[in-house]
Amino acid sequence: MKVVVLTGAGISAESGLATFRDADGLWEGHRPEDVATPEAFAYDRALVQRFYDERRAALARVQPNAAHRALADLERRLGDDFLLVTQNVDDLHERAGSRRVVHMHGRLRHVRCEECGARLEWEGTLVDEPPCPECDRPALRPDVVWFGEYPYGMDEIHAAIEQVDVFAAIGTSGVVYPAAGFVDYAHAVGAHTVALNTVATGGDFHTTYVGPATEVVPRWVEDLLAGRLAALD
Ligand code: BV8
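Residues numbered from 1 in each chain as written. Predicted model: local features only at pLDDT ≥ 70, side-chain atom pairs only at ≥ 80, totals over all residues. Heavy atoms only, no water.

**Some thoughts on the sheet that holds strand β9 (residues 207–210)**
- Pairing is parallel in the open sheet, where six strands are placed in the order β3-β2-β1-β7-β8-β9. Where the open sheet ends on each side, the last strands, each with one partner, are β3 (101–103) and β9. Here the strands of the sheet are splayed against their neighbours by 15° on average, with no regard to which way each runs.
- The pairing of strand β1 (residues 3–7) with strand β2 (residues 82–86) spans five bridges and is classified as parallel. In the strand pairing of β2, Val4 is matched with Leu83.
- Packed onto the sheet, helix α5 (residues 66–78) meets β1, β2 and β7 (166–170) and runs at close to 150° relative to β2.
- Running over the sheet, helix α7 (residues 154–162) touches β1, β2, β3 and β7 and is turned about 135° from β2. (Pairing = 2+ DSSP bridges. Helix = DSSP H or I, 4+ residues; strand = E, 2+ residues; numbered from the N terminus. Axes fitted to C-alpha atoms, helices over the stretch in contact; angles between N-to-C directions. Contact = heavy atoms within 4.5 Å.)

Set out below in structure tokens:
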């Protein structure tokens with residue numbers, strides 16, 4: 001049984017990280033178009049660098065939750081038949097033990113050099129415009145995918161969904177594309193689709209678990225594995 005899980009900001013909400021849309025459309029007090037586009041970066045580089053510096057620093061103050069851990073357990077049980085695709089730029093999936101993670105919108109603890117293209121792990125700040133360790137020029141930006149930029153891992157994601165039996169979307173409002181379109185692709189290949197969210201989201205899923213991720217994700221993993229074991233009888 002091949003499983004693909006897509007996670008969004010909602011899976012990290014109970015760890016204390018702000019979701020993208022719950023705070024009445026403001027994101028840490030900013031409108032997304034003012035901080036998460038190349039135009040915003042060109043217009044006010046320091047504001048955008050500071051926005052990501054603050055979110056990168058916040059990672060040190062939060063921990064993975066039971067939902068992140070349940071997905072790491074599922075990966076250990078399914079191995080290569082499991083792929084975790086996340087829209088999140090936090091590292092909570094990895095810190096919970098997930099290994100096969102596609103960060104389609106990039107990662108907060110990574111930076112990219114606009115001059116030489118180097119992609120590097122980064123714990124510090126960027127607002128002070130530090131020199132790129134590879135080419136020494138002050139051209140580092142957050143290694144995240146902004147609106148209008150091409151997401152990472154699309155080939156790997158499409159290859160996995162082509163073979164998928166179960167597709168689950170966890171803690172995502174289904175507003176941002178191309179991630180929001182993955183469920184349609186899963187339906188087209190005959191997969192069973194599941195939404196896990198505090199609200200019954202848009203998008204037509206075969207099954208919906210309504211509740212906080214720390215409750216419904218462990219429950220869904222248990223149901224899935226039990227069903228899987230039954231399927232092997
Ligand atoms: C692309 C990274 C071409 C940075 C993010 C007009 C002009 C230009 C582009 C477009 C346009 N119209 C449409 C587009 C495409 C655009 C888009 O979709 N725009 C939207 C706003 C309409 N997309 C793009 O530009 C993408 N690139 O299209 O390139 C292309 C086309 C096809 C194929 C390939 C390439 C790039 C989009 C990436 C933008 N970057 N983030 C950063 O994070 O700083 S997006 C940002 O939104 C975050 O990544 C976030 O994860 C993501 C999605 O939001 P969600 O994760 O769903 O979070 P949200 O707050 O919305 O929802 C939280 C959910 O959790 C809610 O449902 C809530 O009920 C639930 N919840 C809350 N608490 C809990 C919970 N659930 C469970 N338990 C809880 N406790």
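Next comes the rest of the account.
**Some details on the packing of aromatic side chains**
- For the coordinates displayed, the defined rule picks out three aromatic pairs.
- Arranged with centres 5.0 Å apart and planes meeting at 45°, the rings of Phe41 and Trp146 form a pair that is tilted. Remark: Trp146 occurs in the loop between β6 (140–144) and α7 and Phe41 occurs in helix α3 (residues 38–43); sequence separation between them is 105 residues.
- You can call Phe41 buried: its relative accessible area is 5%.
- Aromatic pair Phe51 and Tyr52: ring centres 4.9 Å apart, planes at 80°, arrangement edge-to-face.
- Phe51 sits in the buried class, given a relative accessible area of 1%.
- Assessed through its relative accessible area of 2%, Tyr52 is described here as buried.
- In this structure an aromatic cluster arises from ring pairing among Phe41, Phe51, Tyr52 and Trp146.
- When the ring centre of Tyr152 is taken as origin, the NZ or CZ atom of Arg119, which lies over that ring, is 4.1 Å away.
- Positioned above the aromatic ring of Trp146, the side-chain terminus of Arg141 is 3.8 Å from the ring centre. (Phe/Tyr/Trp six-rings, centres within 6.5 Å; stacked < 30°, edge-to-face > 60°. Buried < 20%, exposed > 50% of the residue type's maximum accessible area, 1.4 Å probe, protein only. Lys NZ or Arg CZ within 6 Å of the ring centre and 35° of its normal.)

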